[in-house]
Amino acid sequence: GAFDYGESVAVLDAATGKELATVPNTDGARELLLTDGTLFVLADDMTAAQHNERREAINQGFLRTSPELSIWQRLQRKAYPMYGTQRIVAFRTGDGSYGRIWNRQFDNAGEILPTTMAVDDGKVCLQTVSHVICLDATAGKELWRNDRPLARSRFSWSTPTLVMHDGVVLILDRA
C-alpha cells in the first residue's frame, strides 16, 4: 500500500487525511524534518523485503532459542542490520513542487544514528558512529566534522540525543 515500509513520503491534507502528493526520490524514508519551506528526509536503501526478512529471522531465532534464557540473552546471539546505505535529501515545499534542492549520500549502511538529525539556523547536524557532522542546509555541503566515536554495538532503542540551539550543538549518549 501507499504507506508501507520503504515507500516514498506522502503529503496529506491535515484536515481530511487525503493524499495530496508523493515526494519523489524519498523511497526508504526513515526520518523527516520540515522547517522554513524545506523538507529534509533521511532515507536508506533497505527494501521492504529485506526488512521483512530481517524481522522474520529475528522472530524465528528468538522462538528457537532455549526458553530458560532471558530475553536479553536471546536477542544478543546475532547482529541484524537495521539500516541500508543512507542519504539525506532536501526538498523545496513552499511552492508545492517538492523539487529536490540537494542530495547527500553516505557510504556505510547505518552510518547515521537514528533521531540525531537536527536543523537550525541554516545548518543540518547529525551523529554518525564516529563523528558529529554539520552540513549547510541550503546546499548539503559539509561545513565541519568533529570526532565523536560511539559504541557501534547497541540496542536499537539506544541512540544519542543531538540538539541545536543558538549555534551550539549538544550531544549526549550513554556512558
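Residues numbered from 1 in each chain as written. Predicted model: local features only at pLDDT ≥ 70, side-chain atom pairs only at ≥ 80, totals over all residues. Heavy atoms only, no water.

Below, the discussion takes up the pairing of strand β8 (residues 123–127). Most of β8 sits out of view: 4 of its 5 residues are buried. Note: strand β7 (residues 118–120) against β8, 3 bridges, orientation antiparallel. Residue pairing in the sheet places A118 in a bridge with C125 of β8. The antiparallel pairing of β7 with β8 creates a hairpin that spans 2 residues between the two strands, and D121 there sits at a positive phi of about 50°. Relative to strand β9 (residues 131–136), β8 runs antiparallel, the two sharing 5 bridges. Its bridge partner being in β9, V124 is matched across the sheet by L135. Counting the residues in the hairpin turn of β8 and β9 gives 3 residues. (Buried < 20%, exposed > 50% of the residue type's maximum accessible area, 1.4 Å probe, protein only. Helix = DSSP H or I, 4+ residues; strand = E, 2+ residues; numbered from the N terminus. Pairing = 2+ DSSP bridges.)

Turning to the sheet that holds strand β4 (residues 38–44), a few remarks are in order. The strand order across the open sheet built from 4 strands is β3-β4-β5-β6, with neighbouring strands paired in antiparallel fashion. Every other strand in the sheet has two partners, leaving β3 (29–35) and β6 (100–109) as the edge strands with one partner each. Across the sheet, the mean angle separating the axes of adjacent strands is 15° when strand polarity is ignored. Here β4 pairs with strand β5 (residues 85–92) via 7 bridges, running antiparallel. Pairing of T38 across the sheet is with R92, part of β5. (Axes fitted to C-alpha atoms, helices over the stretch in contact; angles between N-to-C directions.)

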